[in-house]
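The residues making up each chain are set out below.
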Amino acid sequence: MRPLILLSLRRMTGAVTLILAALAITFTTAPAASASEPGGPIGRGEAMDRAWSWIAEQVPYSQSGCHENQFGCYRPDCSGYVSMAWNLGTSLTTWGLWDVTFGIPAGDLQPGDALLLDSGGTDHVALFLRWADPAHTQPVVREEYDFGHVAEERVWSDGLRGFAPRRYNNLDDLIPYGTIAAKYDSTGGPGGPLGRPITGERDSSLGGRFQQFQNGIILWHPDEAHAIYGDILTKFWDTDAERRWGFPTTDEADAAPAPAPDGTRGRYQFFEHGLFLWSPQTGTHTVHGAIYDAFHTAGHETALGYPLTDETDEPGGGKAQKFQKATIHWNPDRGTWITDN
């Protein structure tokens, strides 16, 4: 299957709308050692794993001393906690964090960004994790927030309250993390079919997440991620992506071990609402609904060959789809039937 050398960023915009409240981005407990250097570039996954370490250890809030674990020794207050998560060389104050961050729109907040305030008698900072609601009014944060409390993850039900969204200057947005990172590594990473990342992980339609690479994307939906690339990705985007087909349920793979009747061999990928089939002779087409059921019953491409068209309209409210060796018809009165080409 021919790769897409550089995917159009224009198409990415169709996959970054509505995220549901059910979205739950999962970060693992902290790894045994830090991958970044103090004060150097750090990925979002590593920052949030570091932040989770104090939550797992139930570190109590204090403005003196330091808490030491495998990530170093940092002052266990709000700004020391964020300094630890970002692997800064020292525990900064809330005022000092302004100097190592830059402002971003609230709509661009991503895991590992900060919410920072030092005015009106409030000096505090927390790490953003995700939105708890579809309207993006209630952030889920990780924080050390007051005496008598331990580091925890909680929802700010009263919104941002004047806190400024900030992004750490050395946060490397391109480093994959979580389930998407695991899938990316399993495909061969930069040396695999996807190539190198060209965007960070972002919200997808319908409650998922995605990340774009040189030659494709990884699309995640709790708790499953699959790669889409090449001609199948082109078809997926051209036909309204996950809003039409749902999320992928398999990776792309070689189609039936036996070739089609004329010797054609191709590739396939299943989505929640349809099958994408590709071959060099026929291109990429989708098969779904009652026509897919008939295609499956008849023996798939081994018997009928690869699709030559998508579904087309027929008189009487029916549909038809032409394959290399036959055409499958459907209408609401008769159901499905197959005719020779």
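Up top is the structure.
All figures in this text were calculated on a predicted structure; none of them were measured in a lab. (Residues numbered from 1 in each chain as written. Predicted model: local features only at pLDDT ≥ 70, side-chain atom pairs only at ≥ 80, totals over all residues. Heavy atoms only, no water.)

Colleague: Which residues make up helix 6 (residues 230-238), and what values do they have?
Modeller: A large share of helix 6 lies buried, amounting to eight of its nine residues. Those residues of helix 6 that fall on the buried side of the exposure criterion are Gly 230, Asp 231, Ile 232, Leu 233, Thr 234, Lys 235, Phe 236 and Trp 237. Backbone geometry just after helix 6 places Asp 240 at a positive phi near 80 degrees. (Buried < 20%, exposed > 50% of the residue type's maximum accessible area, 1.4 Å probe, protein only. Helix = DSSP H or I, 4+ residues; strand = E, 2+ residues; numbered from the N terminus.)

Colleague: Please set out the sheet that holds strand 5 (residues 114-119) residue by residue, giving values where relevant.
Modeller: The antiparallel open sheet is built from six strands, whose spatial order is 4-9-5-6-7-8. One side of each edge strand has no neighbouring strand; the edge strands of this open sheet are strand 4 (101-103) and strand 8 (152-155). Across the sheet, the axes of successive neighbouring strands diverge by a mean angle of 40 degrees, strand direction being ignored. Where strand 5 lies against strand 6 (residues 122-131), six bridges are found, and the strand directions are antiparallel. Looking at the pairing, Ser 119 lines up with Thr 122 of strand 6. Helix 3 (residues 78-85) contacts strand 6 and strand 7 (139-143) of the sheet and is inclined by roughly 45 degrees relative to strand 6. (Pairing = 2+ DSSP bridges. Axes fitted to C-alpha atoms, helices over the stretch in contact; angles between N-to-C directions. Contact = heavy atoms within 4.5 Å.)

Colleague: Account for helix 2 (residues 44-57), with residues named and values stated.
Modeller: Taking 1.5 Å per residue as the helical rise, helix 2 with its 14 residues ought to reach 20 Å, and the 20 Å between its terminal C-alpha atoms agrees with that figure. Counted residue by residue, helix 2 has eleven buried out of 14 residues, so it is predominantly covered. Positioned one or two residues after helix 2, Gln 58 has a phi angle of 55 degrees, which is positive. (Expected span 1.5 Å × (residues − 1).)

Colleague: Pulling in residues and values, what's your account of the state of the cysteines?
Modeller: The tally for this structure, following the rule as stated, stands at one disulfide. Covalently, Cys 66 is tied to Cys 73 through a disulfide, its sulfur atoms 1.6 Å apart. On the sign convention where negative is left-handed, the bridge of Cys 66 and Cys 73, at about 60 degrees about the S-S bond, is right-handed. For Cys 66, a relative accessible area of 44% translates into the label partly exposed. A residue is classified by how much of its surface remains accessible, and Cys 73, at 35% relative accessible area, is partly exposed. (Disulfide = S-S within 2.5 Å.)

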